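What follows is each chain in one-letter form.
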Amino acid sequence: MTAKLALDILVQQGVVYRPARRGTFLAAGYAHGTDEEERPRMPAHAEKPAKRKIAMVFPNMDDYTARIIASAEQEARKLNCQLLIRISLDKDDESVCLQEMYEDRVDGVILYPRGRSTCSEKVLELNQLRYPLDIIDRIFREVQIDCVYHDHYQGAYNLAQYLIGRGHKEIGYISMPFDGVTSREDRYEGYLRAMSDHKLAANEGYAFLHSSEDYMGRLNAVNPQLEAFIGNNPLLTAVVCADDYLATSCLYTALHMRIPVPGQLSIIGFSDIQLSGLLPIPLTTARQTTEQIGQAAVNLLYKRMDKSREGAVTVKVKTLIIERSSVKTIG
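Residues numbered from 1 in each chain as written. Predicted model: local features only at pLDDT ≥ 70, side-chain atom pairs only at ≥ 80, totals over all residues. Heavy atoms only, no water.

Before going further, it helps to examine the packing of aromatic side chains. According to the stated counting rule, one finds seven aromatic pairs in the structure shown. Measuring from centroid to centroid gives 5.8 Å for Phe58 and Tyr112, while their planes differ by 40 degrees, and the two rings are tilted. Of this pair, Phe58 sits in strand E3 (residues 52–58) while Tyr112 is found in the loop between strand E5 (108–111) and helix H4 (121–128), placing the two residues 54 residues apart along the sequence. No difference in accessibility class separates Phe58 from Tyr112, as the two residues are buried. By way of ring pairs, the aromatic residues Tyr173, Phe178, Tyr188 and Tyr191 are connected into one cluster. In this arrangement the basic side chain of Arg52 is found over the ring face of Tyr302, its NZ or CZ atom lying 5.2 Å from the centre. Across from the ring centre of Phe270, 3.8 Å away, lies the NZ or CZ of Arg187, which sits over that ring. (Phe/Tyr/Trp six-rings, centres within 6.5 Å; stacked < 30°, edge-to-face > 60°. Helix = DSSP H or I, 4+ residues; strand = E, 2+ residues; numbered from the N terminus. Buried < 20%, exposed > 50% of the residue type's maximum accessible area, 1.4 Å probe, protein only. Lys NZ or Arg CZ within 6 Å of the ring centre and 35° of its normal.)

Below is the structure:
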């Protein structure tokens, strides 16, 4: 109905015409290719200088990435820039998206890379061309390039320290394979350092670092890998999970095993996705503050667009511990 009323108004204004039973057509005076003199013009006072264009390339769209986009959009508006969004389909398509942005003369790109063990050839190529490019939520150690990412090391350190402060000593760690993904490596290193700093042994059997991602399609079902890990470590009182999805799978697996959470096993996550606060036992986790990520990425890119010759810049954003119901105090 809204579209019908809008078309009726355009008919009244002579922009379109509607022959009976044939459809809606653009009136001749508005057709593509009309002489410039016949085209409607904006009033002179309404003309504005062309905005710079910034593109953001993401591997997916979820609550976390949407919040980054929202904060980046606000910051781009302040700088009189237009924000474009692309969702890459796979690793090859990511490179295609970057090439298209370059060829379309987009002024700069903010890239959230897909899971890679090394930097892509396309990113290396654009970096060598000094094309304004930021990496967010990831760091590639083999190349000097601007990046904005959360302090994963300190975030995991703080989570482990939080559990220790609540009386836990037998603390496990669960992660997907690192595969060169620096955020996963940093989180595990942060956990290990916290255990060491508090004179607690990081039992090798308490670390499960090869969780497959098969569980993602059924988060509320038993995860056989986590079921085996929990069953083989009955002395564990707490576990740090590398992200909230793993923590959610761990929570449901423990409940299916009739292990009380947090009565017998405390579970802590990382990221603070929207689901975390909606679980049967709301999840204590580390919040990745998306506002600062989006703002810092846009501002850093804007400096590069102004031909800044400063060396590669790394911006680390702190995380915050969000306390909910999945952790018990011991003693």
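Read on for the rest.
Position of Arg184 among the secondary structure elements: in helix H6 (residues 182–197). Those residues in contact with Arg184 that lie beyond four places of it in its chain are Tyr173, Ser175, Met176, Pro177, Phe178 and Glu213. (Contact = heavy atoms within 4.5 Å.)

What follows covers the sheet that holds strand E8 (residues 171–174). With respect to topology, four strands assemble into an open sheet ordered E9-E8-E10-E11, the strand pairing being parallel. Where the open sheet ends on each side, the last strands, each with one partner, are strand E9 (207–208) and strand E11 (266–268). Bridge count for E8 against strand E10 (residues 238–241) is four bridges, and the pairing is parallel. Bridge pairing links Gly172 to Val239 in E10. Along the sheet face, H6 touches E8, E9 and E10 and points at about 170 degrees away from the line of E8. (Pairing = 2+ DSSP bridges. Axes fitted to C-alpha atoms, helices over the stretch in contact; angles between N-to-C directions.)

Without other data, these values stay purely geometric and don't point to any function.
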